[in-house]
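Notes for the structure review
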Amino acid sequence: MKSPSRNGKIVEVDDLKMYFPVTRGLLRHKVADVKAVDGVSFHIKRGETLGLVGESGSGKTTVGRCIMRLYQPTSGHIIFEGQDISQLSEHQMRPLRSRMSLIFQDPYGSLDPRQSAGSIVGEPLKVFHLANSRQEYRERVEELFRIVGLDPSMMDRVPHEFSGGQRQRIGVARALASNASLLICDEPISALDVSIQAQIINLLEELQERLKRLTYLFIAHDLSVVRHISDRIAVMYLGRIVEVTDRKTLYENPLHPYTKSLLSAVPVADPFLEEKRKRIILKGEIPSPLTPPSGCNFHPRCPMAISKCKKEVPPLRDTGGGHEVSCIRV
Amino acid sequence: MPVLLEVKNLKTYFKVYHGLVKAVDDISYHIKKKEIVGLVGESGCGKSVSQLSVLQLIPTPPGEIVAGQIIFEGQDLLQFEANGDEMRSIRGGGIAMVFQEPMTSLNPVLTIGRQLTEGLELHLGMDVNEARNRAIELLSMVGIPDADKRIDDYPHQFSGGMRQRVMIAMALSCNPKIIIADEPTTALDVTTQAQLLELMTDLVSRFNASLVIVTHNLGVIARYAQRLYVMYAGRIVESGTAKEIFGNPRHPYTIALLNCVPRLDEEEGRKLVPIEGMPPNLLNMPITCAFKPRCPYHIERCGQDPWPDLKLIEGQHYVRCYVET
Amino acid sequence: MTTYIIRRVIQSMLVLVMVTMIVFLVMRLLPGDPIYMLITEDDLIQSSEEKIAALRHEFGLDKPIPVQYINWFSAAVCGDLGVSIIHRGKVAKEIIGRLPITLHIGLLAFIISIVVGIPLGVVSAVRRGRWLDTGVTLLANLGITIPVFWLGILMIYFFALYLGILPVQGYTSPFEDFWMSTRKIIMPVFCLSVFPIASAARQTRSSMLEIMRQDYIRTAWAKGLRERLIIVRHALKNALIPVVTLKGLMFRNIIGGSVLVETVFNIPGMGRLAVDGVISHDYAIVQGIVLLIATVVLVVNLVVDLSYGWLDPRIRYG
Amino acid sequence: MQRTDMTETPLHASEFRRIMKVLFSRGVVVFGIVVILALFVTAIFAPWIAPYDPYKLDLNQTLVQPCKEHLLGTDALGRDTLSRIIFGTRTSLMVGVVAVCIAASVGMTMGLIAGYFGRWVHAIIMRFIDALMAFPVILLALVIAVLLGGGLRNVMIALGIGLLPAYARLMCGQVLSVKENDYFLAGRAMGAGNLRIMFRHVVPNCFPPLIVLITMMMGLTILAEAGLSFLGIGIEPPGAAWGAMVNDGYQYLLTHPILSFAPGFAIMLVVFSFNMVGDGLRDALDPRLRGVL
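Analysis parameters
- The numbers attached to residues start from 1 for each chain and follow its sequence in the written order.
- Chains carry letters from A onward and ligands carry numbers from 1 onward, assigned in written order.
- Per-residue local features of the predicted model are confined to residues with pLDDT of at least 70, and side-chain atom pairs are confined, for both listing and counting, to 80 or more; whole-chain, interface and lining totals are unaffected and use all residues.
- The side-chain figures draw on all heavy atoms in the structure; neither hydrogens nor water molecules are used.
- Per the convention used, a helix needs a DSSP run of H or I reaching at least four residues, while a strand needs a run of E reaching at least two, with both numbered from the N terminus.
- Here the accessible surface of atoms and residues is derived via Shrake-Rupley with a 1.4 Å probe, and residues count as covered only by protein chains that are part of the display.
- In this tally, Asp and Glu contribute negative charge and Lys and Arg positive charge; neither His nor the terminal groups of the chain are included.
- Note on charges: their place is set at NZ of Lys, CZ of Arg, CG of Asp or CD of Glu.
- Whether two residues are in contact is decided by their heavy atoms, any of which lying within 4.5 Å being enough.
- Here, a salt bridge means any side-chain nitrogen of Lys or Arg that lies within 4 Å of a carboxyl oxygen of Asp or Glu.
- The term polar contact refers here to a pair of N or O atoms within 3.5 Å; inside protein, the definition further demands a hydrogen-donor-capable atom paired with an acceptor-capable atom, and it admits residues adjacent in sequence only when both atoms are side-chain atoms.
- Note on residue classes: Ala, Val, Leu, Ile, Met, Phe, Trp, Tyr, Cys and Pro are nonpolar, Asp, Glu, Lys and Arg are charged, and everything else, Gly too, is polar.
- Only the six-membered ring of Trp is used, alongside the rings of Phe and Tyr, when aromatic pairs are assigned; centres must lie within 6.5 Å, and planes under 30 degrees apart are stacked while those over 60 apart are edge-to-face, with the rest tilted.
- Criterion for a charge above a ring: Lys NZ or Arg CZ within 6 Å of the ring centre, and within 35 degrees of the ring normal.
- Among buried residues, those of type Ala, Val, Leu, Ile, Met, Phe, Trp, Tyr and Cys that are joined through side-chain atoms within 4.5 Å constitute a nonpolar core.
- The cut-offs for exposure are 20% and 50% of the maximum accessible area for each residue type, with area from a 1.4 Å probe on protein chains only; residues under the lower value are buried, those over the upper are exposed, and the others partly exposed.
- We call a pair of cysteine sulfur atoms a disulfide when they lie within 2.5 Å.
- Pairing between strands is defined by DSSP: at least two bridges between them are needed.
- To define axes, lines are fitted to C-alpha atoms, for helices over the stretch in contact only, and angles between the resulting N-to-C directions are given on a 0 to 180 degree scale.

1. So, the overall build of chain A
Along chain A, the regular secondary structure elements total eleven helices and twelve strands. Once the C-alpha set of chain A is aligned to its principal axes, its extents read approximately 70 × 60 × 45 Å. Accessible area of chain A: about 13,100 Å², with a carbon and sulfur share of 50%. Averaged over its 46 positive side-chain charges, chain A has a centre that lies 4 Å from the centre of its 38 negative ones.

2. Notes on the interface of chain C and chain D
Each partner contributes to the interface: chain C provides 49 residues, whereas chain D provides 46 residues. Across the chain C-chain D interface, the total number found is one salt bridge. As a salt-bridge pair, C:Arg202 and D:Asp279 come within 2.9 Å of each other at their nearest N and O atoms. Here chain C is connected to chain D by eight residue pairs in polar contact (both at pLDDT 80 or more). For the side of chain C that touches chain D, the elements supplying multiple residues, two or more each, are helix H1 (2-29), helix H7 (131-143), helix H8 (148-162), helix H9 (178-212), helix H11 (227-264), helix H12 (270-279) and helix H13 (283-311) of chain C. Looking at side-chain class alone, the side of chain C that touches chain D contains 36 nonpolar, nine polar and four charged residues.

3. Considerations on the packing of aromatic side chains
Each aromatic ring pair is summarised here by two numbers: the centre-to-centre distance and the angle between the ring planes. Evaluation of the coordinates by the stated rule reveals 18 aromatic pairs over all chains. Ring centres 5.3 Å apart and planes at 75° place the aromatic pair C:Phe110 and C:Phe251 in the edge-to-face group. With C:Phe110 in helix H6 (residues 91-126) and C:Phe251 in helix H11, the pair connects residues that are 141 residues apart, well separated along the chain. The residue whose ring lies beneath B:Arg150 is B:Phe158, and the NZ or CZ to ring-centre distance is 4.1 Å. One residue, D:Lys179, lies across the ring of D:Tyr116, its end atom 6.0 Å from the ring centre.

4. Quick notes on the nonpolar core
Counting 348 residues, the largest nonpolar core has B:Ile95 and C:Val19 as the members making the most contacts within it. Among the elements that make up this core, the one with the highest residue count is helix H10 (residues 194-230) of chain D (17 residues). Core analysis: the next-biggest nonpolar cluster, separate from the first, contains 36 residues, A:Val63, A:Leu96, A:Leu102 and D:Leu185 among them.

5. A word on the state of the cysteines
By the definition in use, this model includes zero disulfides over all chains. With no disulfide of its own, A:Cys327 lies closest to A:Cys302 among cysteine sulfurs, the gap being 6.0 Å.

6. A few points about the pairing of strand S6 (residues 100-103) of chain A
Residues and elements named next belong to chain A. Neither face of S6 is left uncovered, since the one carrying Met100 and Leu102 and the one carrying Ser101 and Ile103 both have all their residues buried. In the sheet, S6 pairs with strand S7 (residues 182-186) via four bridges, with the strands oriented parallel. Its bridge partner lying in S7, leucine 102 is registered against isoleucine 184.

7. Notes on the sheet that holds strand S10 (residues 240-246) of chain A
Residues and elements named next belong to chain A. Taken in spatial order, the eight strands of this open sheet run S6-S7-S8-S3-S9-S10-S12-S11, and their pairing is mixed. Of all strands in the sheet, those bounded by a partner on one side alone are S6 and strand S11 (317-318). The sheet contact formed by strand S9 (residues 232-237) and S10 spans six bridges and is antiparallel. Along S10, the bridge assignment pairs arginine 232 with aspartate 246. Sitting on the sheet, helix H5 (residues 164-177) is in contact with S6 and S7, with an inclination near 170° to S6. Seen against the sheet, helix H9 (residues 257-265) touches S9 and S10 and runs at an angle of roughly 100° to S9.

Purely geometric stuff here, so don't read any function into it on its own.
In structure tokens:
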């Protein structure tokens, strides 16, 4: 089902750090850094879906935007289709931007309310000069509309005439327009109604089956959605990846204590099962990325923490079969 | 357990520019003492409006409670004037609410303390010092560290989860009999959500109060609620105990809802079954079943006759459907 | 909060420097030789080319523009704004004599606009849709419309000429004859305050209506609070935040209006002085007044901005 | 509450029709629209509408009280007041339109640049705007007009400069809020250039409030022009301007109050109309702007 490629990896992220300076006082001098992403390494294979799951403040959105090079990473490398893009200028990036697209969370804010649906979807075609004639442009836009399950006759409508689910389809069509091989989906369904979410999930799944080489980085906070759609899942906490595994192992054999508590926090729509499930309720709140705890930054909330956890940053190590975890207690 | 609150045939309509929105259309439900009840539905199904109607907090105009009875401790709340003395003593004192958006539900220019103590002074007649001490007590009860210092902070100095804890403290402050939590954790992270729901259910039982959880998340209901009501397009379409409904869902909408969300424990390769079409537009609705256009089971009768009545399946399990599923 | 205050003060000073630059450049770069600002017409007739050149050198007008600006600026800071042609005296002295008159009327109008405008807006919002609201809204809409100078004339015609209960025009210092002074300023103060009252009422009303829709107001209702408490404690302070911004601008408009009102009522204030200066091409006077007014406006804006901190804790602890 | 409830419902009613319906459902707005239309018609067809030549002196007919021949009487030089008011519409409208165009184009460009590029560009432009805002509009216009040498053209330029801060600030704020939206990020993510993002995404989304501001500003500009001409600055005699007419009539207030009252009323009527239409547009285009403008 998945097509093989040269090295098999479309994206490799190596020790990515993204710090945002915090300025204070009269002269707005820098007083600290928000360590939004603090040393993250992972890869995505061509044609697969990597789920990136974490709570707000975990840096998952920042990772996505760094790969899109909407931010200039503080350090680290991002290798996209064999090329290190972490230090490219905006000008050098431009041709690569057709190869990767972003799908946004908010179906309302992500579409320009003054443009027609057709011109929103067609804009990448214009930016990247992908259509040679008006005719070709129109045909391509119509095709994109059909691909995402929208009626091409609705091309001339403006976004507010569409429902939330339809708007998200427009967003998907726009992301597909430039023949991108990597789609970064940043919480694409969390703003939608429950009954609509499944439509978008299924659409994304069908697209991947049809356009074989399509790769997703699926960023979300909802573990059950991520588990449903992803081949592999990376769990983030406070700017670091704590566990990477395939979806089956994640549910059946989670290793990191944070992953465990995250799993237990998600209720299952089954009262019989819920009666039996063990609930791990975490202490306190996720600390500010401005002043992350020392060592393993999960240690203040971790039920298994020992004194060593305060001192050492646990490396992400493979426990076998690609199951990586960063915890010294496992 | 005795029935604490009984809502009978409540109708709340909104007169808007394009016509009449029947946000809540003839719903009846009850809440018993010390019970946790869930109210499930998608956005726009009228679940929030039905709860705001109980305390007559509907913005009027455009909204109006057109008909019904809301019987709380033997009195019909709808007989009271909306902002009159009797109604105000129920608000916060008898029935308290926790709202969805912790970011916007607290007044940004008043301290947490001020917002907590005003209810205590009003309903429990405490003086300034008593109220302040009680407020500190409540804050530490909901898990806010250094409550005696943080009481003088403003909402923007708290995180979303902490603000929602303050909201819970505020709701509990005057020992209400019922707490209505309107999507209390939707805006929050999963682990915070678990913390808060756990805290809320724990405190509610300590205070001997009942809890109504309004949510679209079936998992939350399955975990915490004893009974639930499923709402669609302003009506209750199915009701019963959690085990009855999750074990044997009968309304096509309930079934569809369960099939369209990913589950943590699902089998590999499970396909979601989306609900076709869109949630109904409550504007100028037909009298026939509003779910019919999206319903895979619908029969001829569904498009002709008005909504069916709720019919008993077994125990406390009722369903509003012509079709035997 | 301290950081906020210091930052605002520094910002205001930067703006003030910018103001002086604008004034200086406008005066220097526009057609007309600035030398004529410095010598009187009589002198001009008698002066030869050399004499003018000598004067030019004496006043530093042969130096590059930036140097001229610095010289002019340092003089201005010391209160030396040059010499007036018509008034044959130091500009600074002339202006200082007029300033209290304009401030007397202007500040009164400003205070009245706050004291009257904001409550009107609140009442109007609370009684939304009732006759009181309709009345206030209509009056407010007329208030932001009516030309002040025309209103002044209407009032003079009605109260002074027709009814004869108020003096027609002029100004008397309150320290000289308080009663007479008050009677004389009633009409000018009223004229000046109409626009700010109306716009404050409009702004307060719409801002109150907006706030009353907020979630935290619903929370307050759900606590069982009385309507009056909700309005006073929960809504008003929030609603005033945008109104405060507007009040800063309003002071500028009041001073602008005083140019017209002082003309209509023949009040010897700064506005009148500016108009006379403009008409008789007495640029030194005009320059001085513009500079002074901009400074006063900036100071008032600064005070207004600082009162933000009192209203909005997000700034106080920001 | 209802707002969120309705969001999933696609709106089929045409946006334009809704705006028109909101506009025309309010009496004062309709009144304003009618007055403004009448104003334009009057200005264009003034020579045909006016009963007399507004410039013709008739020393036998000075200071005539209102009568059948001269509905609003004549002034000290025997000119028909009504005809002069009718011709005065040309002055008011021209100054209003031109000054607003100057203010809007310059101000919006400054605001766009400041908001889009941010950082020090924003700081410099906005401090400059702050400085301009320290001067009362009428005083600034007075000084500029006189320094430029009086005349109607210079009054328009002066008012244009005096009023541009409002546009710059609004535009800057709009740009900043547009930049917060994901569609701005979407433009950057697909590699669209600055100009494309600015003119395809940012500018069109800034328009609704600017249309409102332009309408409101027409009223203010006409009011300011009237004030200037009241002070004797602007159109050269014998040209007709309402403000100047009020001032000319002022000296005959005791005996001929109509000479001041009538042109003043015309000013008020026109300014009121623009304000009301502006209010109506604001509520129709974007109710969220209530309180901002």
